[in-house]
Amino acid sequence: MTEQFINFVSIQLYKDKQEALYVQLYDQMRELIVTGKLSHGYLLPPVRKFAKFLQINAGTVMSAYKQLEKNGYIFSRAGSGSYVAELSSVVDNEDHDDKEEEIDAIEILSPKFDDKYINLASIALNPDLISVEAFKKVLIEVLDRDQGYAFGYQESQGFYPLRESIAEDLKRYGVKAEASNMQIISGAQQGIDIVAKALLNYGDYVFTENPTYPGAIAAFRSRGAKIVEISMEEDGIHIEELEEKLRKFRPKLIYVMPNIQNPTGSSYSITKRNRLMGLARYYNAIILEDDYISELNYGKEPMAPLKAIDRDDRVIYLKSFSKIFMPGLRLAFLTMPQRLIGKLLAIKHNSDISTSGLTQRAFDLYLRKGIWHEHITAIRKMYLERFKLTLAAIEEFLPKTVQCVKPQGGLSIWLTMPAGLSAKVIVEEARKRQVLITEGTPFFPRQAVDRHIRISFATATPVEIHNGVHIIGSILK
Ligand SMILES: Cc1ncc(COP(=O)(O)O)c(C=O)c1O
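Only a predicted model underlies this, so the values are computations on that prediction, with no experimental measurement involved. (Residues numbered from 1 in each chain as written. Predicted model: local features only at pLDDT ≥ 70, side-chain atom pairs only at ≥ 80, totals over all residues. Heavy atoms only, no water.)

Caption draft 1: How the structure looks around the environment of Q67. Topologically, Q67 is positioned in helix α3 (residues 58-70). With 37 residues separating them in the primary sequence, Q67 and R30 have C-alpha atoms 10.0 Å apart. (Helix = DSSP H or I, 4+ residues; strand = E, 2+ residues; numbered from the N terminus.)

What follows is the structure in structure tokens.
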């Protein structure tokens, strides 16, 4: 026996056992890896030689390797073989109790608020600021115009004129979209879900920023996919870490928010946008760009989507109208890379047949009449004031040891507590004093970091923001 097989002498395979040979081999190799007998970076024997040593078919070894790779225990490099992966990066779905995390995510997605609280948690537009009258007018116009057709089954891909008006609107951001590669969806959450269904199978890798949006974590987990998280920096994703992990895991999908990331508020620098695109191209990954709020950009620099620099059609651009308009309308869209159109259309159709036709028709008129842009201009102006007020209150009331990175826009501020302070405790204490803030832990896909809170100014009035931050300051002090 050669040196090469010394680590595998313990492997015993029985043809008469109930389990298939490749499953037996998988289990025993997995055991060698988790017990550290084969460590990170160990080069596994080539399939044919190993099969000869074990006196089984090469196909059996191949199947075991494939399963190990799928579950993150090994990774392969083209032309050089299969290696043992870093165990800390393995999320073994069998051992993972997701139930509690799923409940956390649902709480974050649809929290219940009570009037007696100062609400610094929700990032949805204050219902009092929604221009109901303007929407009522377009609704009546649609009903007069389309009569019963407004209530018929809608084309699953979406109301064609709406897709056209959105495509037209996207031109101003440098995005070349067409009605034919656009899918109207019932909220961005559905978009994430259908992309996950189209691209991710059990055991596949998906990359996310760390921290990231909990609804995406839940959607990827529901596919049995393994989340590999990449740290966030002030100017976007950590590129070196991304590159290193791309080399190792070869994900099918990278989920990012290059503009005003949720929850950190960071926006990617131009350099990072270009590097991300280059790496995705090299490692052949699809990017899901979630743009949930870039209209609320308070900086001087315009915020073009990543999609605007997508030369080889690998970015799925996902845009929600919830945060800046009416979350209850359940309206969003995604642009589809040519090669994914068929798949995404089918999954959307199987999911809910179509997004409400009445809503789409009304929103189309809203866009065509220019009311949408008037609305955006008005709320941007108002939120800029609240943004400044929130920053001023943070400066005035919170200890200097609390880190606050000023975002370029959005509806919330992400704060980092000094070491030793539990964000969970602060959130709980604030609740007791009738201030609601969002705890940071559910935004971390794997290892929750209990040092962050997110303060939002979407719903609270200026006086409430001032008083709420004051109360948080007194808790911290
Ligand atoms: C980053 C991000 N993406 C998607 C969504 C879901 O949005 P929608 O209401 O359009 O489903 C949210 C909601 O909070 C979000 O924060």
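Caption draft 2: Here's a closer look at helix α1 (residues 21-34). Its 14 residues give α1 an end-to-end C-alpha distance of 20 Å, which sits within 8% of 20 Å, the value for a rise of 1.5 Å per residue. Buried residues of α1: L21, Q24, L25, Y26, M29, R30, L32 and I33, and no others. One or two residues past the end of α1 sits G36, with phi positive at roughly 85 degrees. (Expected span 1.5 Å × (residues − 1). Buried < 20%, exposed > 50% of the residue type's maximum accessible area, 1.4 Å probe, protein only.)

Caption draft 3: Layout of the site of the ligand. The ligand sits among G187, A188, Q189, Y213, M257, N262, D290, Y292, S320, S322, K323 and R330. In the environment of the ligand, an oxygen atom lies 2.7 Å from a nitrogen or oxygen atom belonging to the backbone of A188. Taking S322, its side chain carries an N or O atom lying 2.7 Å from an oxygen atom of the ligand. For the ligand, whose accessible area on its own is 390 Å², the fraction buried by protein is 93%. Within the shell around the ligand, the residues separate by chemical class into four nonpolar, five polar and three charged. (Near = heavy atom within 4 Å. Polar contact = N/O pair within 3.5 Å; in protein donor to acceptor, adjacent residues only side chain to side chain. Areas by Shrake-Rupley, 256 points an atom, 1.4 Å probe, with all protein chains shown as cover. Nonpolar A, V, L, I, M, F, W, Y, C, P; charged D, E, K, R; others polar.)

Caption draft 4: Here's a closer look at the pairing of strand β16 (residues 452-456). With five of five residues buried, β16 is to be regarded as a mostly interior element. Of the two faces of β16, both are covered, the one formed by H452, R454 and S456 as well as the one formed by I453 and I455. Pairing analysis gives five bridges linking strand β13 (residues 412-416) to β16, with the strands arranged antiparallel. Opposite T416, over in β16, you have H452 as the bridge partner. The pairing of strand β15 (residues 438-439) with β16 spans two bridges and is classified as antiparallel. Bridged to T438 within β16 is R454. (Pairing = 2+ DSSP bridges.)

Caption draft 5: Region of the structure containing the packing of aromatic side chains. Enumeration according to the criterion identifies 26 aromatic pairs in this entry. An angle of 70 degrees between the planes, with centres 5.9 Å apart, marks the rings of F135 and F325 as edge-to-face. Remark: F325 occurs in the loop between β10 (315-320) and β11 (332-335) and F135 occurs in helix α5 (residues 132-146); sequence separation between them is 190 residues. In terms of burial, F135 and F325 fall into one category: buried. A ring pair is formed by Y298 and F387, whose centres lie 4.8 Å apart and whose planes are at 35 degrees; its orientation type is tilted. Highlighted residues: Y298 in the loop between β9 (286-291) and β10 and F387 in helix α13 (residues 371-397), separated in sequence by 89 residues. You can call Y298 buried: its relative accessible area is 15%. Put simply, the rings of F135, Y317, F321, F325, F333, F363, Y366 and W372 pair up and form one aromatic cluster. (Phe/Tyr/Trp six-rings, centres within 6.5 Å; stacked < 30°, edge-to-face > 60°.)

Caption draft 6: View of the sheet that holds β16. On the basis of which strands lie adjacent, the open sheet formed by four strands has the order β12-β13-β16-β15 and antiparallel pairing. Edge strands, defined here as strands with exactly one partner in the open sheet, are β12 (403-404) and β15. As defined by bridge partners, β12 adjoins β13 across two bridges and the pair is classed as antiparallel. By the bridge assignment, Q403 is partnered in β13 with T416.

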